[in-house]
Amino acid sequence: MTLNKQLALLMAMMVAAFGVLAGAQAAKPAAKKARVFFVEPKNNATVTSPLHMKFGSEGIQIAAVPPGDIKTTRPGIAHYHVGIDEVCLPAGKTIVKGTPSWVHFGDGKDVFDTQLTPGRHKLALQLGDDLHNTLPGTCSVITVNVK
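Residues numbered from 1 in each chain as written. Predicted model: local features only at pLDDT ≥ 70, side-chain atom pairs only at ≥ 80, totals over all residues. Heavy atoms only, no water.

*Asks:* Pulling in residues and values, what's your account of the overall build of the protein?
*Replies:* Looking only at helices and strands, the protein features 1 helix and 9 strands. Listed by position from the N terminus, the elements making up the protein come as α-β-β-β-β-β-β-β-β-β. Residues counted as buried form 33% of the 147 residues belonging to the protein. Residue pairs at least 24 apart in sequence account for 64% of intrachain contacts in the protein once pairs closer than 6 positions are excluded. (Helix = DSSP H or I, 4+ residues; strand = E, 2+ residues; numbered from the N terminus. Buried < 20%, exposed > 50% of the residue type's maximum accessible area, 1.4 Å probe, protein only. Contact = heavy atoms within 4.5 Å.)

*Asks:* Help me get a handle on the sheet that holds strand 7 (residues 111-114), residues and values and all.
*Replies:* Adjacent strands of a sheet pair through backbone hydrogen bonds, lying either parallel or antiparallel. Strand order in the open sheet formed by 3 strands is 1-3-7, and the pairing between neighbours is antiparallel. Among the strands making up the open sheet, the edge pair consists of strand 1 (35-40) and strand 7. Going from strand to strand, the sheet's axes swing by 30° on average, the running direction of each strand aside. Here strand 1 pairs with strand 3 (residues 51-58) via 5 bridges, running antiparallel. From the neighbouring strand, Phe37 faces strand 3, where its bridge partner is Gly56. (Pairing = 2+ DSSP bridges. Axes fitted to C-alpha atoms, helices over the stretch in contact; angles between N-to-C directions.)

*Asks:* Can you break down the environment of Asn145 residue by residue, with the values?
*Replies:* Within the secondary structure, Asn145 sits in strand 9 (residues 134-146). Sequence separation between Asn145 and Lys122 is 23 residues, and the spatial gap between their C-alpha atoms is 9.0 Å. Those residues in contact with Asn145, other than ones at most four positions away along the chain, are Asn44, Ala45, Thr46, Val47, Gly119 and Arg120.

*Asks:* Could you give me a rundown of unusual backbone geometry, with the residues and numbers involved?
*Replies:* Here the bond from Glu40 into Pro41 is cis, since omega is -10°, no more than 30 degrees from zero. Along the chain, Pro41 falls in the loop between strand 1 and strand 2 (45-47). The omega angle of the peptide bond from Ser49 to Pro50 is 10°, so this bond is cis rather than trans. Note that Pro50 resides in the loop between strand 2 and strand 3. For His132, which is not glycine, the phi dihedral falls at a positive 70°.

Purely geometric numbers; function is a separate question.
Pasting the structure below:
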């Protein structure tokens, strides 16, 4: 085989290999969009007080907020907030610590027990970044009936 044929064959193999590699890259599944949900209780459940809640999420890492004076957020990391008799807040809204109707889980916990008065209550579970700013599309609202 002449040198020109060998170079042409080598180039053809490289182009084919690049095409296979590019196709494999395109076949990777897209990153999962973050979502948040109540594991317990289920929507419209009849419950007793104290109410036990368990939270879940997909497509994002749940972790405690680092100690100290936080100036920046860690991408792909969040923590839970529960609004009692609240609706979802808009994306980018800061959930102010100490707000009586919002409970912060900056420690990274995913369970919570709370006393609720008898009757119907709306519970909003929302993710916040290290600065407690809400993340887009990461809120779930359920209703419970307390006996």
